Amino acid sequence: MSGAVYYIFGATGDLAKRKLFPAFYSLYREGKLGENFAVVGLARRPRTNEQFRDDVKHSIQDFARYKKVDDAEWERFASHFEYMSLDINNVAGFHELNVLTARLDDKFQTGGNRLFYLALAPELFGNVSLNLKEGGLLNTTGWHRLVIEKPFGYDLPSAQRLNEQLRQVFEEKDIYRIDHYLGKEMVQNIEFVRFANAFFEPLWNNKYIANIQITLSETVGVEERGGYYDHSGALRDMGQNHMLQMIMMMAMEPPSRLNPEDIRDEKVKVLRSLRLFEDGEDVRANVVRGQYIEGSSKGKVLPAYREEDNVNPQSTTETYFAARVHVDNFRWAGVPFYIRTGKRLPLKTTEVVVEFKNIPNNVYLASKHQMEPNLLVFRVNPMEGIYLKMNAKQPGSEGVIVPIAMDFCQSCQIGINTPEAYERLLYDAARGDSTYFTRWDEVALAWEYVDRIAAAWRETSQDLKQYPAGSWGPEAASKLLSDDGFKWWPINGQNEGEVDWDAVQKTTVLA
Ligand SMILES: NC(=O)C1=CN([C@@H]2O[C@H](COP(=O)(O)OP(=O)(O)OC[C@H]3O[C@@H](n4cnc5c(N)ncnc54)[C@H](OP(=O)(O)O)[C@@H]3O)[C@@H](O)[C@H]2O)C=CC1
Ligand SMILES: O=C1O[C@H](COP(=O)(O)O)[C@@H](O)[C@H](O)[C@H]1O
């Protein structure tokens, strides 16, 4: 990988601590960063280089995959890190940063390449990019890339404004919009499992697939992010980005080549095929929203959303939503995609379930035993793996059919060797591979879809359903499926509620 200076704007924040510094460390440990790099931490708080390196060390000890830090290696790694106190709104600070950069370019032979990572509130993105230009940080012959965090705007008009600001300084090809779900191994794997298996690809259409279910459930509430979340809600926080990205990965056509633009073109076609909701009534018939009230989990009382810090006590922000989504193209016509996500649900899990249609009524179906449909399950998070539910004869029986599981548990086999999403994405951005970043047209189309739902919700909040914290969300989300003759499949084929992860890890692993 070519050398570079990496600028972490927001270096004293939560994202830098929990994800970015650990990602740098793993890449370094694996030899992917080399030695020709410098990392400059930037934020307003004063810090010496030593204090900053200590912060980085603690974050690695707390959050990195590799926790054991060898002293000599640590010294080498830490020597690449420097800190500078800077207020984004003060252009003089950027001139100073340019001077610091010249020294680092020289010391680490970075080739004049720069990666600017904005781990900041989105309101600051526009100013940073203008000041980078003003401060002379883009006046080198190397490459200049801007990596920005979500949320990318609040709706389509605000996203357009933000994009125009960024485009005054950076070309689209140099803007890397992060959706960390695209950095997850199993989300990337969807593409490979689909297109590399003769027994899936021919069946991947409305002739054989009955429905697709995507669950992204969290046990946490809004923690210390109440201020942000109350303004955002589940639809914008998870729906506009992670959930739609997973639909795209499931529904896209095979790209003609494995180039970033060919893959992203195919994903965009899926968004263009989404059936847009016509009006409020259409939204209410297909989308369920909920907010958690007081509940309990494992004997612990959990507070209501409206009692969380920095949340309006009368808030009507949704902490849960479920939707029936249609992709109106030749492959997917008539196949519902059901999606659901929420805070304070019983499990932390992300799963994508493909439910296949039942085989035609035949001698087997006519037997007294009810056959269950075949399921293919991508376990994305926190356990990674693929699970296939099939039907087979119960050994020793007179033709009794039972469901059996083939379970590839990637986490059990690979363990800590699976790269974290941020690690993967940082590496890709540094190599100039934009495949798993969101292109502007994706962002715009995703907002267009989501904005119609948000508009309907602004008309009335009568449809906001309450659910107890620790439960699986509003009953109405089950009705979305039962009206179509389906049900949500229990997570990992187990009963809703507790999943015994130890037991899951012991399931059969196919080499
Ligand atoms: N935390 C997470 O897990 C995730 C975060 N994100 C996104 O990442 C971004 C950062 O989030 P997070 O780290 O949680 O936020 P934090 O509030 O923890 O950190 C914000 C950072 O911005 C710095 N900052 C604020 N104002 C200025 C300024 N005027 N000049 C210079 N620095 C400033 C703060 O430092 P100081 O006060 O010292 O100036 C701090 O380092 C947000 O866009 C968020 O939505 C996305 C997904 C997950
Ligand atoms: O982007 C976000 O994602 C996290 C969930 O990510 P995961 O990798 O832990 O599944 C979510 O908690 C947060 O609200 C949201 O902003």
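Up top is the structure these notes are about.
What comes next concerns the included structure. All values reported here derive from a predicted model rather than from experimental measurement.

## Considerations on the sheet that holds strand β4 (residues 114-118)
Alright, step 1. Judged by pairing direction, the sheet is parallel, and its 6 strands sit side by side in the order β3-β2-β1-β4-β5-β6 without closing on themselves. Where the open sheet ends on each side, the last strands, each with one partner, are β3 (81-85) and β6 (175-177). Between one strand axis and the next, the sheet turns by 20° as a mean value, whatever way the strands run.
Alright, step 2. Relative to strand β5 (residues 144-148), β4 runs parallel, the two sharing 5 bridges. Looking at β5, one finds that Phe116 is bridged to Leu146.
Alright, step 3. On the sheet, helix α2 (residues 49-63) packs against β2 (37-43) and β3 and is oriented at approximately 120° with respect to β3.

## A look at the packing of aromatic side chains
Alright, step 1. Under the definition given, this model contains 26 aromatic pairs.
Alright, step 2. These aromatic residues form a ring-pair network of at least three members: Tyr6, Phe21, Phe24, Tyr25, Tyr28, Phe37, Phe52, Trp74, Phe77, Phe81 and Tyr83.
Alright, step 3. Here Arg145 stacks its cationic end above the ring of Trp143, 3.8 Å away from the centre of that ring.
Alright, step 4. Its guanidinium or amino end placed over the ring of Tyr154, Arg236 lies 3.8 Å from that ring's centre, counting from NZ or CZ.

## Comments concerning helix α4 (residues 91-108)
Residues separated by three or four positions in an α-helix point in the same direction, a consequence of the helix having 3.6 residues per turn.
Alright, step 1. Here α4 is 18 residues long and its end C-alpha atoms lie 25 Å apart, about the 26 Å a rise of 1.5 Å per residue gives.
Alright, step 2. Buried within α4 we find Gly93, Phe94, Leu97, Leu100, Thr101, Leu104, Asp105 and Phe108. Down the axis of α4, the buried set is contained in an arc of 150°. They therefore lie on one face. Residues of α4 that are exposed and angled more than 90 degrees away from the buried face: Val99 and Asp106.
Alright, step 3. Contacts from the buried residues of α4 go to β1 (4-9), β2, β3, β4 and α5 (125-134).
Alright, step 4. The residue sitting at the N-terminus of α4 and contributing the capping side-chain oxygen is Asn90; that oxygen lies 3.1 Å from the backbone nitrogen of Ala92.

## What about the site of ligand 2?
Alright, step 1. Close to ligand 2 lie Lys150, His180, Tyr181, Lys184, Glu218, Arg225, Asp237, Met238, His242, Lys343, Lys348 and Asn381.
Alright, step 2. Within the side chain of Tyr181, one N or O atom sits 2.5 Å away from an oxygen atom of ligand 2.
Alright, step 3. In this structure, an oxygen atom belonging to ligand 2 sits 2.7 Å away from a side-chain N or O atom of Lys348.
Alright, step 4. Protein chains shield 82% of the accessible area of ligand 2, which is 400 Å² for the free molecule.
Alright, step 5. Counting residues per element, the shell around ligand 2 draws most heavily on helix α8 (residues 226-251), which supplies 3 residues.
Alright, step 6. Looking at the shell around ligand 2 residue by residue, the class counts come to 2 nonpolar, 3 polar and 7 charged.

## A short note on the pairing of strand β13 (residues 349-356)
Alright, step 1. Within β13, 8 of the 8 residues are buried, which leaves the element mostly enclosed by the surrounding structure.
Alright, step 2. Burial along β13 is two-sided: Thr349, Glu351, Val353 and Glu355 and Thr350, Val352, Val354 and Phe356, pointing in opposite directions, are all buried.
Alright, step 3. The pairing of β13 with strand β14 (residues 375-381) spans 6 bridges and is antiparallel. Paired with Glu355 across the bridge in β14 is Leu375.

Cut-off values and rules
- Residues numbered from 1 in each chain as written.
- Chains lettered and ligands numbered in written order.
- Predicted model: local features only at pLDDT ≥ 70, side-chain atom pairs only at ≥ 80, totals over all residues.
- Heavy atoms only, no water.
- Pairing = 2+ DSSP bridges.
- Helix = DSSP H or I, 4+ residues; strand = E, 2+ residues; numbered from the N terminus.
- Axes fitted to C-alpha atoms, helices over the stretch in contact; angles between N-to-C directions.
- Contact = heavy atoms within 4.5 Å.
- Phe/Tyr/Trp six-rings, centres within 6.5 Å; stacked < 30°, edge-to-face > 60°.
- Lys NZ or Arg CZ within 6 Å of the ring centre and 35° of its normal.
- Expected span 1.5 Å × (residues − 1).
- Buried < 20%, exposed > 50% of the residue type's maximum accessible area, 1.4 Å probe, protein only.
- Arc of directions from axis to C-beta.
- Polar contact = N/O pair within 3.5 Å; in protein donor to acceptor, adjacent residues only side chain to side chain.
- Near = heavy atom within 4 Å.
- Areas by Shrake-Rupley, 256 points an atom, 1.4 Å probe, with all protein chains shown as cover.
- Nonpolar A, V, L, I, M, F, W, Y, C, P; charged D, E, K, R; others polar.

Fair warning: the whole summary comes from geometry, so function is off the table for now.
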